[in-house]
Amino acid sequence: MKVLVIGSGGREHAIAYALHKSQKVDEIHAIPGNPGIAQIGTCHPGNVEDLDGILKFVEDNAIDFTVIGPEVPLCMGLADLLESHGHKVFGPTKQAATLEGSKAFSKDFMKRHHIPTAAYQEVHSYDEAVAALSSFAYPVVVKADGLAAGKGVVICEDEDMAKKTLKDMMIDGALAGAGSTVVLEEFLTGFECSLLCFTDGETIVPMVSAKDHKQIYDGNKGPNTGGMGTVSPNPFLPEGMDEVFQKDILEPFMAGLKADHMDYRGVVFIGLMIENQKAKVLEFNVRFGDPETQSILLRLDSDLFDIMYAVSTKTLKDVEIKWKDEHAACLVLASVGYPGSYPKGMVITGLDQVADDIVVFHAGTAVNDNGDIVTNGGRVLNICALGQSLEETRDKVYQAAQVIDFQGKYYRKDIGLN
Ligand code: AMP
Ligand code: GLY
């Protein structure tokens, strides 16, 4: 099989790495890929938003199966386009992807299908939003409706901050079209858990749990990032939550897909807030999480291609999915300044000096004119390992973090602890 992976981050490298292990996968291609993926496949220039260009590539190169990593091409309808031309795809349709593409759509879906979530109000103008603030306590959560690359959610401590955020989003257009509709939401307390599931629209199979560390600084301080590291399993998850997830979240979610005739074949990543053994949904993402995937797929003990193919052909119920009973960690090495501006082009050293049981996924790297691997993004590398305990796994990734170096290297020291 010739498989095409769409995307360029650590998540896509982890997907390509897992697919590469499959006996059924002969060739891996990526658009645009990254220097890590280039070690196991062939990377082709291209833009993940150029849907027609991707279709042409699939047809010209006789690709058998396409895996779509990021949300933007899913929300633009890449899965629909490829399928309508008879190509097999892993990733939901445009309609189903709206569960991530529009917060208002997603909240309405949860409300109609009785999926526990924070109380909310959808507003369409600044004046309507300010009037609605009186029904919320502080802090209040202000969410831009559309895709905003992680910048669309602001937790506002008081009315002044809420008004300023609403003005930025709804009047000044800080997030362009993404902020013309806003969801105001009750602030939830508890701890977060990322629950990724495979679904073909008929069957839903949760993967092992993971914990993301979203803020830039230790102790969960500072601005949110795309994710600074993950561990799997989520060490904060109490016993017995699997049943709660199944009954309170997954069953009504599947009933909702059916009732709304949504063709959902891919991964649903459910962001949960958990308190007192109860789970509430913060958000749906219609793709693998980054960097959750890097930890989770290291623990996969089945053939990822078989699972993805079954999802695509609606035969997921026939596949057994096994997981390693080990701990996984993923530590993000970032460029100093991220999530704000940061330097690029710093030479990375030590990549071939890490211990044999370390897996390094590339997230934001490039090759310079001298052939050196250099930094090319905010999140640069993902150092991953398996171990018998959280402690052993942490030791491994933190040791490797000292071996790999580049100017401006920054990472959190408390992955898996806070
Ligand atoms: P979202 O994109 O909706 O998951 O929001 C991004 C992050 O904002 C989440 O991972 C949480 O850390 C935080 N967040 C979102 N909604 C809420 C809420 N209702 N209460 C508390 N924190 C929230
Ligand atoms: N790690 C969070 C996300 O992928 O959205």
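Since we're looking at a predicted model, the values are computed, not measured.

Calculation notes
Residues numbered from 1 in each chain as written. Chains lettered and ligands numbered in written order. Predicted model: local features only at pLDDT ≥ 70, side-chain atom pairs only at ≥ 80, totals over all residues. Heavy atoms only, no water. Near = heavy atom within 4 Å. Polar contact = N/O pair within 3.5 Å; in protein donor to acceptor, adjacent residues only side chain to side chain. Areas by Shrake-Rupley, 256 points an atom, 1.4 Å probe, with all protein chains shown as cover. Helix = DSSP H or I, 4+ residues; strand = E, 2+ residues; numbered from the N terminus. Nonpolar A, V, L, I, M, F, W, Y, C, P; charged D, E, K, R; others polar. Pairing = 2+ DSSP bridges. Axes fitted to C-alpha atoms, helices over the stretch in contact; angles between N-to-C directions. Contact = heavy atoms within 4.5 Å.

### Some thoughts on the site of ligand 1
Logical step 1: If you check the shell around ligand 1, you find 15 residues, and the closest are Lys 143, Glu 185, Leu 188, Glu 192 and Glu 283.
Logical step 2: Within the contact set of ligand 1, an oxygen atom lies 3.0 Å away from a side-chain nitrogen or oxygen of Lys 103.
Logical step 3: In the model, a nitrogen atom of ligand 1 is placed 2.8 Å from a nitrogen or oxygen of the Glu 185 side chain.
Logical step 4: Relative to its unbound accessible surface of 470 Å², ligand 1 loses 91% to contact with the protein.
Logical step 5: Among the secondary structure elements, those contributing two or more residues to the shell around ligand 1 are β7 (140–144), β8 (153–156), β9 (182–186) and β17 (278–285).
Logical step 6: Per-class residue counts for the shell around ligand 1 are eight nonpolar, no polar and seven charged.

### Focus: the site of ligand 2
Logical step 1: Around ligand 2 lies a shell formed by Asp 212, Gly 226, Phe 269, Asn 285, Arg 287, Gly 289, Asp 290, Pro 291 and Glu 292.
Logical step 2: Here an oxygen atom of ligand 2 and a side-chain polar atom of Arg 287 are 2.9 Å apart.
Logical step 3: One of the side-chain N or O atoms of Glu 292 is found 2.9 Å from a nitrogen atom in ligand 2.
Logical step 4: Coverage of ligand 2 by the protein amounts to 87% of the 200 Å² it exposes when considered alone.
Logical step 5: The residue inventory of the shell around ligand 2, partitioned by class, reads two nonpolar, three polar and four charged.

### Some remarks on the sheet that holds β8
Within a sheet, adjacent strands bond to each other through the backbone by hydrogen bonds, running parallel or antiparallel.
Logical step 1: Pairing is antiparallel in the open sheet, where four strands are placed in the order β6-β9-β7-β8. Only two strands of the sheet have a single neighbouring strand rather than two, namely β6 (120–123) and β8. If you compare each strand with its neighbour and ignore which way they point, the axes differ by 20° on average.
Logical step 2: Relative to β9, β6 is paired through four bridges, and the arrangement is antiparallel. Opposite Glu 122, over in β9, you have Val 183 as the bridge partner.
Logical step 3: Each of β6, β7, β8 and β9 touches helix α8 (residues 159–170); the most contacted strand, β8, lies at about 160° to it.

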